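# Structural description and commentary
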Amino acid sequence: MSPTLADIPILRDVGAAALKDVEKDTRWWSLPAGWPLFGEGDPADALHFVVSGSMGAFRARADGRTDFVGHIRAGEPVGEMALVAGEPHSASVHALRDTELLTLDRGAFRRLIRRHPALMENLGGHCAASIAEAYARAGADDRPKAILAYTVKGYGTPLAGHKDNHAGLMTPAQMETF
């Protein structure tokens, strides 16, 4: 059985109106096994959801070798951190097997979060889950590890620069101007 939009964790609690908007502003497509979705350093121009299949994130090392840094499963977003941060992708992502994707371009994503701010709350929750998963993996053995995490801190929003910008919620009026 194929997942539905409501099965995608970020969209699960958003509501019917948001799901209708997502369906209208998205593109469903297939990526064959082995093909790249984007490369390390590429601009973040879209948010992708894995509907079926799986993807792998890879990072190039200074010695020319490549490290596997993450597995992206059905229902998970791809490229969300770079898109929200306005940064290039920090890793290359390739389909590990034939993969079906749902893609929102940057403009559609911004329009959607303006109309449905709960999407950003859900997206933030996913990022927190990713950080928690990284901590759990880091404790799997005795080797020293470093985990670096950062927040966008309201960059580009009416909350930028405010002392509470890391935990602030924008009002509907602020969302309209954003």
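Quick notes on the rules
Residues numbered from 1 in each chain as written. Predicted model: local features only at pLDDT ≥ 70, side-chain atom pairs only at ≥ 80, totals over all residues. Heavy atoms only, no water. Helix = DSSP H or I, 4+ residues; strand = E, 2+ residues; numbered from the N terminus. Buried < 20%, exposed > 50% of the residue type's maximum accessible area, 1.4 Å probe, protein only. Contact = heavy atoms within 4.5 Å. Core = buried A, V, L, I, M, F, W, Y, C linked by side-chain atoms within 4.5 Å. Polar contact = N/O pair within 3.5 Å; in protein donor to acceptor, adjacent residues only side chain to side chain. Pairing = 2+ DSSP bridges. Axes fitted to C-alpha atoms, helices over the stretch in contact; angles between N-to-C directions.

## A short note on the overall build of the chain
Counting its secondary structure elements, the chain contains five helices and eight strands. Sequence-ordered secondary structure for the chain, helices as α and strands as β, is α-β-β-β-β-β-β-α-β-β-α-α-α. Within the chain, buried positions represent 35% of all 178 residues. Sequence-distant contacts in the chain: of pairs separated by 6 or more residues, those separated by 24 or more amount to 68%.

## A word on the nonpolar core
Residues Leu11, Leu47, Phe49, Leu102, Leu104 and Leu119 are the most contacted members of the largest nonpolar core, which totals 20 residues. Among the elements of the structure, helix H1 (16-24), strand E3 (46-52), helix H2 (80-85), strand E8 (99-105) and helix H3 (106-115) are those that each provide at least two residues to this core. For this core, the leading source of residues is H3, giving four residues. Leu31, Met55, Ile72 and Val93 belong to the second-largest nonpolar core, a separate cluster that totals 13 residues.

## Remarks on the side chain of Ser92
Assignment of secondary structure puts Ser92 in strand E7 (residues 92-95). Within the local environment of Ser92, its side chain forms a polar contact with the backbone nitrogen of Glu40, the two atoms lying 2.8 Å apart. When sequence neighbours within four positions are dropped, the list of residues in contact with Ser92 reads Phe38, Gly39, Glu40, Gly56, Ala57 and Phe58.

## Overview of the pairing of E7
As defined by bridge partners, strand E2 (residues 36-38) adjoins E7 across two bridges and the pair is classed as antiparallel. Looking across to E7, one finds that Pro36 is bridged to His94. Pairing analysis gives four bridges linking strand E4 (residues 54-60) to E7, with the strands arranged antiparallel. Directly across from Gly56, in E7, lies its bridge partner His94.

## A look at the sheet that holds strand E6 (residues 77-78)
Read from one edge of the open sheet, four strands run E1-E8-E3-E6, paired in antiparallel fashion. Lying at the two open borders of the sheet, with one neighbouring strand each, are strand E1 (27-31) and E6. Two elements, E1 and E8, share five bridges in a ladder whose sense is antiparallel. Bridge pairing in E8 links Arg27 to Thr103. Contacts from H3 reach E3 and E8 within the one sheet, and its direction differs from that of E8 by about 70°.

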